[in-house]
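Listed below are the residues making up each chain.
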Amino acid sequence: MSKIIKKLGLATVFTFGITQVAAAKDTIVIGEVSWDASLAIEQVLKQVMEKHLDVNVKIVATDQSAIWAAMDKGKGSIDVHPDVWTSSQAEPWTKFVVKGGKESVLANQKPYMGTEGLFIPGYIQDKYGVKSVYDLAKPEIAKLFDQDGDGKGDFWPGAPGWGIVKVNQVKAKSYGFDQYFKAFHVSDAILRAQLKTAFRKKTGILFYSWTPDWIHKAYDLRKLEEPTFTGYASKDKQQDPNYNPDGCWNMVKGDEWLEKSAITCDWPETKVYLAYSKSLLSRNIQVAQFLNNVSFTTDDISQWIYQIAQEKEAPEDVAEEWINNNQAVVKQWLNQS
């Protein structure tokens, strides 16, 4: 009997040991920043890491400043920022990532590219040859975009409250098409409804947009050409890596912002990274190496946004489908042959 008890006891201890080992899995925490692209990226990362790297992954919704602060501390409260737009996160990027700063946060090797600009339907470009922002400074072209019949073209510079609205109004003045166009101010949701109507009726619509986004999967949209970006010239940008006193982008603050500002170039193309705490190099080197290798394409991101925003698919389902169809890419991220 004592031998049986001893055997049972040993088995119990052994089983308990296995449970303890399983419970000791590392937990990797991803900060959720709510937009659709981020929701998809988070799920791709979570599913790959949990399946292949023997970790638990937790997703925590919070604001970007909290994510940066947690990655900097490196204690594991938040380890990953899934979708860093360096154009809008220039300050924390410089503080935590760029060499010479704290260097407490790392980024994947290969970012995807985000673009911004003024877009028109492909059928307008093909039929009328509208390719450049300078083409808009022609009354006959402006009439193609007249939505209310007043003889002037209409353009959407962004939604009310967006900082981008003033930038696009300055561009209209600087390129000379403000005398033939007027801005209309509606929400993003209303603009997208108008876009759907324009494509159904094959009428003109001119609006600010960006990539990646689902509308570029749903519609044939063409970005208007602008001169190449040569740097920010305004004094408040002196600490920016893209500062150039002779640059093409001079956005002035104050009551006379429209009169005194001038922007005669395209937006700088934005690099969008996955960022993670440097502490992962010592806490879980396999996860750190995986995050370093991960890369996405703008086309993939747009497709994910389309599936989530338009097809109403769950982000986890979108991620699972993509992973199943892209095993070779996933293997590269994992350094597997």
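Residues numbered from 1 in each chain as written. Predicted model: local features only at pLDDT ≥ 70, side-chain atom pairs only at ≥ 80, totals over all residues. Heavy atoms only, no water.

Q: Sorry if this is basic, but what is going on with the pattern of salt bridges here?
A: When their charged atoms lie close together, side chains carrying opposite charge are able to pair. Evaluation of the coordinates by the stated rule reveals 17 salt bridges. A salt bridge links lysine 182 to aspartate 148; its shortest N-O distance comes to 3.0 Å. In this pair, lysine 182 is assigned in strand β7 (residues 181-183) and aspartate 148 in the loop between α6 (139-142) and β6 (153-156), connecting sequence segments 34 residues apart. Taking the relative accessible area as the measure of exposure, lysine 182 reaches 26% and is therefore partly exposed. Aspartate 236 is the salt-bridge partner of lysine 253, the closest N and O atoms lying 3.7 Å from each other. Linking lysine 253 in the loop between β10 (249-250) and α10 (257-260) with aspartate 236 in the loop between β9 (221-223) and β10, this pair joins segments that are 17 residues apart in sequence. Look at aspartate 236 and you get partly exposed, because its relative accessible area is 47%. (Salt bridge = Lys/Arg side-chain N within 4 Å of Asp/Glu carboxyl O. Helix = DSSP H or I, 4+ residues; strand = E, 2+ residues; numbered from the N terminus. Buried < 20%, exposed > 50% of the residue type's maximum accessible area, 1.4 Å probe, protein only.)

Q: Explain the pairing of strand β5 (residues 112-121) to me, please; I cannot follow it from the model alone.
A: For a regular strand, side-chain orientation follows a simple rule: the groups alternate between the two sheet faces. For β5, the buried fraction is high: eight of the 10 residues fall into the buried class. Examined bridge by bridge, β5 and strand β12 (residues 270-277) share three bridges and lie antiparallel to one another. Paired with tyrosine 112 across the strands is valine 272, a residue of β12. Pairing between β5 and strand β8 (residues 206-211): five bridges, direction antiparallel. Paired with threonine 115 across the bridge in β8 is threonine 211. (Pairing = 2+ DSSP bridges.)

Q: Whenever I open this one, the state of the cysteines confuses me. Can you help?
A: Throughout the structure, instances matching the rule amount to one disulfide. Linked covalently through their sulfurs, cysteine 248 and cysteine 265 form a disulfide whose S-S length is 2.1 Å. The S-S bond linking cysteine 248 to cysteine 265 shows a torsion near 70 degrees; that makes this disulfide right-handed. Remark: cysteine 265 occurs in the loop between β11 (262-263) and β12 and cysteine 248 occurs in the loop between β9 and β10; sequence separation between them is 17 residues. Like cysteine 265, cysteine 248 is buried. (Disulfide = S-S within 2.5 Å.)

Q: How should the UniProt feature "domain: ABC-type glycine betaine transport system substrate-binding" (unreviewed entry) in the chain be read in this particular structure?
A: UniProt feature "domain: ABC-type glycine betaine transport system substrate-binding" (unreviewed entry): in the numbering of this structure it lies at residues 26-324. The straight-line gap between the two end C-alpha atoms of residues 26-324 is 25 Å; of that span, 38% is helix and 20% is strand. (UniProt positions renumbered as here; feature names shortened; annotations may be inferred.)

Q: What's the story with the packing of helix α13 (residues 298-309) against helix α14 (residues 315-325) in this structure? I'm lost.
A: Geometrically, a packed helix pair is captured by the angle between its two axes and the distance between the axes. Running from N to C, α13 and α14 cross one another at 140 degrees; their axes reach a closest spacing of 9 Å. Judged by the inter-axis angle, α13 sits oblique to α14. The way α13 lies across α14 gives a crossing that is right-handed. Together, Asp300, Trp304, Gln307 and Ile308 of α13 and Pro315, Val318, Glu321 and Trp322 of α14 make up the contact between the two elements. For the contact of α13 with α14, the per-class residue count stands at five nonpolar, one polar and two charged. (Axes fitted to C-alpha atoms, helices over the stretch in contact; angles between N-to-C directions. Parallel < 35°, antiparallel > 145°, perpendicular 65-115°, else oblique. Left-handed = near helix turned anticlockwise from the far one by under 90°. Contact = heavy atoms within 4.5 Å. Nonpolar A, V, L, I, M, F, W, Y, C, P; charged D, E, K, R; others polar.)

Q: Explain the packing of aromatic side chains to me, please; I cannot follow it from the model alone.
A: Centre distance and the angle of the planes are the two values used to describe a pair of aromatic rings. Taken as a whole and judged by the stated rule, the model has 25 aromatic pairs. Ring centres 5.6 Å apart and planes at 80 degrees place the aromatic pair tyrosine 232 and tryptophan 249 in the edge-to-face group. In this pair, tyrosine 232 is assigned in the loop between β9 and β10 and tryptophan 249 in strand β10, connecting sequence segments 17 residues apart. A residue is classified by how much of its surface remains accessible, and tryptophan 249, at 5% relative accessible area, is buried. (Phe/Tyr/Trp six-rings, centres within 6.5 Å; stacked < 30°, edge-to-face > 60°.)

Q: Please clarify how the layout of surface pockets should be interpreted in this entry.
A: Which parts of space are left empty comes out when a probe the size of a water molecule is rolled across the atoms. By volume, the largest pocket amounts to about 1200 Å³. Trp85, Ser87, Ser88, Glu116 and Thr270 are, among the 39 residues lining the largest pocket, the residues nearest its centre. When residues of the lining of the largest pocket are traced back to their parent elements, those giving at least two are α2 (36-52), β3 (80-85), α4 (90-96), α7 (164-175), β8 and β12. Considering only residue class, the lining of the largest pocket consists of 19 nonpolar, 10 polar and 10 charged. (1 Å grid on protein atoms, 1.4 Å probe; cavity = no way out; pocket = protein on both sides within 12 Å on 5 of 7 lines; lining within 4 Å. Points joined across faces, edges and corners; volume = space filled by probe spheres on them.)

Q: How do you make sense of a negative patch on the surface when you look at a structure like this?
A: Side chains of Glu316, Asp317, Glu320 and Glu321 sit close together on the surface and give a patch of like negative charge. With respect to the helices and strands, the residue glutamate 321 is situated in helix α14. (Patch = residues over 30% accessible without salt bridge, like charges linked within 9 Å, V, L, I, M, F, W, Y side chains within 5 Å. Areas by Shrake-Rupley, 256 points an atom, 1.4 Å probe, with all protein chains shown as cover. Lys, Arg positive; Asp, Glu negative; His and termini not counted. Charge placed at Lys NZ, Arg CZ, Asp CG, Glu CD.)

Q: How should helix α8 (residues 188-201) be read in this particular structure?
A: Since the α-helix advances by 3.6 residues per turn, residues separated by three or four positions end up pointing in the same direction. Here α8 spans 20 Å end to end across 14 residues, near enough to the 20 Å set by a 1.5 Å rise per residue. If you check which residues of α8 are buried, you get Leu191, Arg192, Leu195, Ala198 and Phe199. Angularly, the buried residues of α8 cover 115 degrees about the axis, an arc narrow enough to put them on a single face. Across from the buried face of α8, at angles greater than 90 degrees, the exposed residues are Ala189, Lys196, Arg200 and Lys201. As for α8, its buried residues are in contact with β5, α5 (122-128), β6, β8, α9 (215-218) and β9. In the stretch just after α8, lysine 202 is the one whose phi turns positive, near 60 degrees. (Expected span 1.5 Å × (residues − 1). Arc of directions from axis to C-beta.)

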